[in-house]
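What the coordinates show
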Amino acid sequence: MVKNLSKEGSDKIDWDTEDELEIQEIQDAIFSSCRDLRTTGQHALSGDGEASSSSVPCRLSKFIQQFVVMGFSEESIAKAIEQNGENSDLVLDALLTFKVIEDSPEEQPTASPQLDPSICSDDSYSEYNENFLDDVYEEESWSSDSDNCICYLKDESSSLSENEQTLLSLANMGYPVEEVSIAMEICGKEASLAELTDFICAAQMSRAEDPYLPEDVKPKLKHISNDSGGYKKRKMFNQLCKGKKQRTIFDEDPISLPKPMIGFGVPTVSGPAMVRRTLPKQAVGPPFFYYENVALAPKGVWDRIASHLYDIEPEFVDSKYFCAAARKRGYIHNLPVEGRFPLLPLPPRTINEALPLSKRWWPSWDTREHLNCLQTAIGSARLTDRIRKAVEDVDGVPPMRVQKYVLEQCRKWNLVWVGRNKVAPLEPDEVEMLLGFPKNHTRGGGISRTDRYKSLGNSFQVDTVAYHLSVLKDLYPEGINVLSLFSGIGGAEVALYRLGIPLKNVVSVEKSEVNRNIVRSWRENTNQRGNLIDFDDVQQLNGDCLEQLIDSFGGFDLVIGGSPCNNLAGSNRVSRDGLEGKESSLFFEYPRILDLVKNIMCGER
């Protein structure tokens, strides 16, 4: 499925409207208050740490106060707010980064291009970006000083490796070396300082509250210095931030995924693959069923999903083997795995093949061949302008520190080169092409650019799904009846249509009116002859409703869908609650409905 505005608010921003200007005005007001605070120094805060209402707005004063009680200096708080606005997560991460830099014995460079340490409020972030755990980019390495436009960086000539520098930094902040090593091993070598501290503190809290753990091996949390940026600061911060939940070490441990992620085989990779499997008796159709969700879910989630779907082994596939963008997904289905075939012509599988006009401007030091998972939001114009200035400020090939910054942002936001020193986000038409949808599939009919990105970011990758569904072509030459749950923009229907499988009757369940309109428009444009029956809530499909539908056209041949991944995706650091989350708990509607369909159809047989 990370900004100054709420996640919901960001998804509503249409970058072609005046919304961005309005956000900038809000941001400028915050920055102005921060500059006033830095100028007035001690006048902004009274001696006992309370905010002075005469020099700082009341709301901003309360925001500052929560960091003052953690032991951070007024100057560093002001600088962090000036850089990141009133985003508690980003401000705390910046403060912890300042602490590391201040404590580091290395000599800092005296000049470099002016770059921001993090994405500002206008740089929308996708709460559905399930690739987060696999592709984390360390934002703490960039810290800009607004007074003299100097960007402080770690000395790239240091003899220590990045892992050693991170370990040393956390050790200097007061964390035990053993716990840091464990966190780095589990979270990955590219995890940021904030993620590592969250992980360590969650583990410490879990052990401290364990009634069965001997007291002599519990962490002595009170001995960790408050000035070290350790457990106490993190705990105080989490208590102050509403809705931010502290989870144990087990909640954030992702499933172990196969490498390469080709499931039971893909047409573009040769090698051993499963060509035959044995399904549990109760999983055998009718109907066939096909369920999809993000692969990088918290540990145990896919085991639970499988337990509700007849304990069938998930098939994990990365769509980079079908197109030029990665999309790590898990699929549970009872389809045959022999005799699959891909859609033709095969889609381009590298960035330069998919976007040939960008090849002219692509620098040699940008070695990307695939885009990361396509998101529901895009990087802003301000971000791309910062990148342009960073590259233009140097002659020839940029130094490594600039290359690292630019590549991190390009990977994070899937930016492509569109001119000399110019990067830009993908256009909706380009996203449609990469995901296998027809051109203009999501265009028109009152649908905004923001809605297009959101709908596409939550969709199937059509070529991948079509490869799995291709085994149905010979089984249903006269057409197929489909129950499509959580239909989105009709990725399953498009896949079946492109395979040449007629759609006789489609019962589509989709909450979003925008998405329902997209599917209706596609059916009209492709002259579909079958029937489309719409529902906007899966809970409407009870036994009586399904019985009437099955009686009307003789049953379903395929039940397909992918429930919301909001609470499963790694980028959701606020409500990553697994299958208990508000949105992702809708998964349980899928096996409920599937069981009802199977029982009704078996009874009628």
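Residues numbered from 1 in each chain as written. Predicted model: local features only at pLDDT ≥ 70, side-chain atom pairs only at ≥ 80, totals over all residues. Heavy atoms only, no water.

This part is about the overall build of the protein. Assigned secondary structure in the protein consists of 20 helices and 11 strands. Within the protein, the proportion of its 605 residues that are buried is 55%. About 26900 Å² of surface is accessible on the protein, with carbon and sulfur atoms providing 50% of the total. (Helix = DSSP H or I, 4+ residues; strand = E, 2+ residues; numbered from the N terminus. Buried < 20%, exposed > 50% of the residue type's maximum accessible area, 1.4 Å probe, protein only. Areas by Shrake-Rupley, 256 points an atom, 1.4 Å probe, with all protein chains shown as cover.)

Turning to the UniProt feature "active site" (unreviewed entry) in the protein, a few remarks are in order. Under the feature "active site" (unreviewed entry), the UniProt entry names Cys565. Inspection of the secondary structure puts Cys565 in the loop between strand S11 (558-561) and helix H20 (589-604). (UniProt positions renumbered as here; feature names shortened; annotations may be inferred.)

For the bond running from Lys259 to Pro260, omega is -5 degrees, close enough to zero to count as cis. Despite not being glycine, Asp311 shows a phi value in the positive range, around 55 degrees. Within the element layout of this structure, Asp311 appears in the loop between helix H10 (301-308) and strand S4 (315-318). Classification of Asp311 as exposed rests on a relative accessible area of 59%. The phi dihedral of Asn527 is positive, around 55 degrees, even though this residue is not glycine. Inspection of the secondary structure puts Asn527 in the loop between helix H18 (513-525) and strand S10 (531-535).

This part is about the confidence of the model for the protein. Detail in the predicted coordinates should be disregarded across regions flagged by low pLDDT. Here the protein shows a mean pLDDT of 75. Residues at 70 or above account for 68%. Scored below 50 in pLDDT, residues 239-253 shows 33 contacts in the model against residues more than four places distant or in partner chains. (pLDDT = per-residue confidence, 0-100. Contact = heavy atoms within 4.5 Å.)

Across the 7 residues that make up strand S9 (residues 503-509), a large majority, 6, are buried. A crossover links strand S8 (residues 480-485) with its parallel partner S9, the connecting element being helix H17 (residues 491-498), and its sense is right-handed. Relative to S10, S9 is paired through 5 bridges, and the arrangement is parallel. Looking at S10, one finds that Ser508 is bridged to Asp534. With H18 bridging S9 and its parallel neighbour S10, the resulting β-α-β unit is right-handed. (Right-handed = clockwise from strand over helix to strand, strands pointing away. Pairing = 2+ DSSP bridges.)

This part covers the sheet that holds S4. The mixed open sheet is built from 7 strands, whose spatial order is S4-S5-S3-S11-S8-S9-S10. The open sheet terminates on both sides in strands that have one partner only, identified here as S4 and S10. The sheet shows a mean angle of 20 degrees between the axes of neighbouring strands, taken without regard to direction. (Axes fitted to C-alpha atoms, helices over the stretch in contact; angles between N-to-C directions.)

This part covers the nonpolar core. Formed by 67 residues in total, the largest nonpolar core has its most connected members in Val406, Leu469, Leu472, Ile480, Leu496 and Leu558. For this core, the leading source of residues is helix H13 (residues 400-413), giving 6 residues. (Core = buried A, V, L, I, M, F, W, Y, C linked by side-chain atoms within 4.5 Å.)

All right, on to helix H4 (residues 74-84) then. Of all 11 residues in H4, 9 are buried; the element is thus mostly enclosed. Those residues of H4 that fall on the buried side of the exposure criterion are Ser76, Ile77, Ala78, Lys79, Ala80, Ile81, Glu82, Gln83 and Asn84. Positioned one or two residues after H4, Gly85 has a phi angle of 70 degrees, which is positive.

Next up on the list: the pattern of salt bridges. If charged atoms from side chains of opposite charge come close, those side chains can pair. Under the counting rule described, the total for this entry stands at 13 salt bridges. Arg340 serves as the salt-bridge partner of Glu315, at 2.9 Å between the closest nitrogen and oxygen. Here Glu315, found in strand S4, pairs with Arg340, found in the loop between strand S5 (328-333) and helix H11 (351-354); they are 25 residues apart in sequence, far enough to count as distant. No difference in accessibility class separates Glu315 from Arg340, as the two residues are buried. (Salt bridge = Lys/Arg side-chain N within 4 Å of Asp/Glu carboxyl O.)

Residue placement: Leu170 occurs in helix H6 (residues 162-172). Its relative accessible area of 0% is what places Leu170 among the buried residues. Between the alpha carbons of Leu170 and Leu96 there is a distance of 9.9 Å; along the sequence they are 74 residues apart. Excluding anything up to four places from it in sequence, Leu170 contacts Tyr175, Val180, Leu193, Leu196 and Thr197.

A separate point is the state of the cysteines. In this structure the tally under the stated criterion is 0 disulfides. Not engaged in a disulfide, the cysteine Cys323 finds its nearest cysteine sulfur in Cys373; these two sulfurs lie 9.7 Å apart. The buried category is assigned to Cys323, whose relative accessible area is 2%. (Disulfide = S-S within 2.5 Å.)

Running from N to C, helix H14 (residues 428-435) and helix H15 (residues 449-457) point in directions that differ by 15 degrees, and their axes come no closer than 10 Å. With respect to H15, the element H14 is oriented roughly parallel. The hand of the H14/H15 crossing is left-handed. Contact residues: Pro428, Asp429, Val431, Glu432 and Leu435 in H14; Arg449, Arg452, Tyr453 and Leu456 in H15. (Parallel < 35°, antiparallel > 145°, perpendicular 65-115°, else oblique. Left-handed = near helix turned anticlockwise from the far one by under 90°.)

This next bit is on the packing of aromatic side chains. On inspection of all chains with the given rule, the structure shows 11 aromatic pairs. Between Tyr291 and Phe587 the ring centres are 5.3 Å apart and the planes differ by 70 degrees, which places this aromatic pair in the edge-to-face class. Remark: Phe587 occurs in the loop between S11 and H20 and Tyr291 occurs in strand S3 (residues 288-294); sequence separation between them is 296 residues. We classify Phe587 as buried; its relative accessible area is 0%. Seen from their ring centres, Phe587 and Phe588 are 5.2 Å apart, and the 65 degrees between their planes marks the pair as edge-to-face. The exposure class assigned to Phe588 is partly exposed, which follows from its relative accessible area of 26%. Grouped by ring-pair contacts, the aromatic residues Tyr291, Trp302, Phe316, Phe587, Phe588 and Tyr590 constitute a single cluster. (Phe/Tyr/Trp six-rings, centres within 6.5 Å; stacked < 30°, edge-to-face > 60°.)

Where strand S6 (residues 416-419) meets strand S7 (residues 422-424), 3 bridges bridge the pair, whose relative direction is antiparallel. Directly across from Gly419, in S7, lies its bridge partner Lys422. Where S6 folds back onto S7 in an antiparallel hairpin, the turn is made up of 2 residues, including Asn421, whose phi is positive at roughly 65 degrees.

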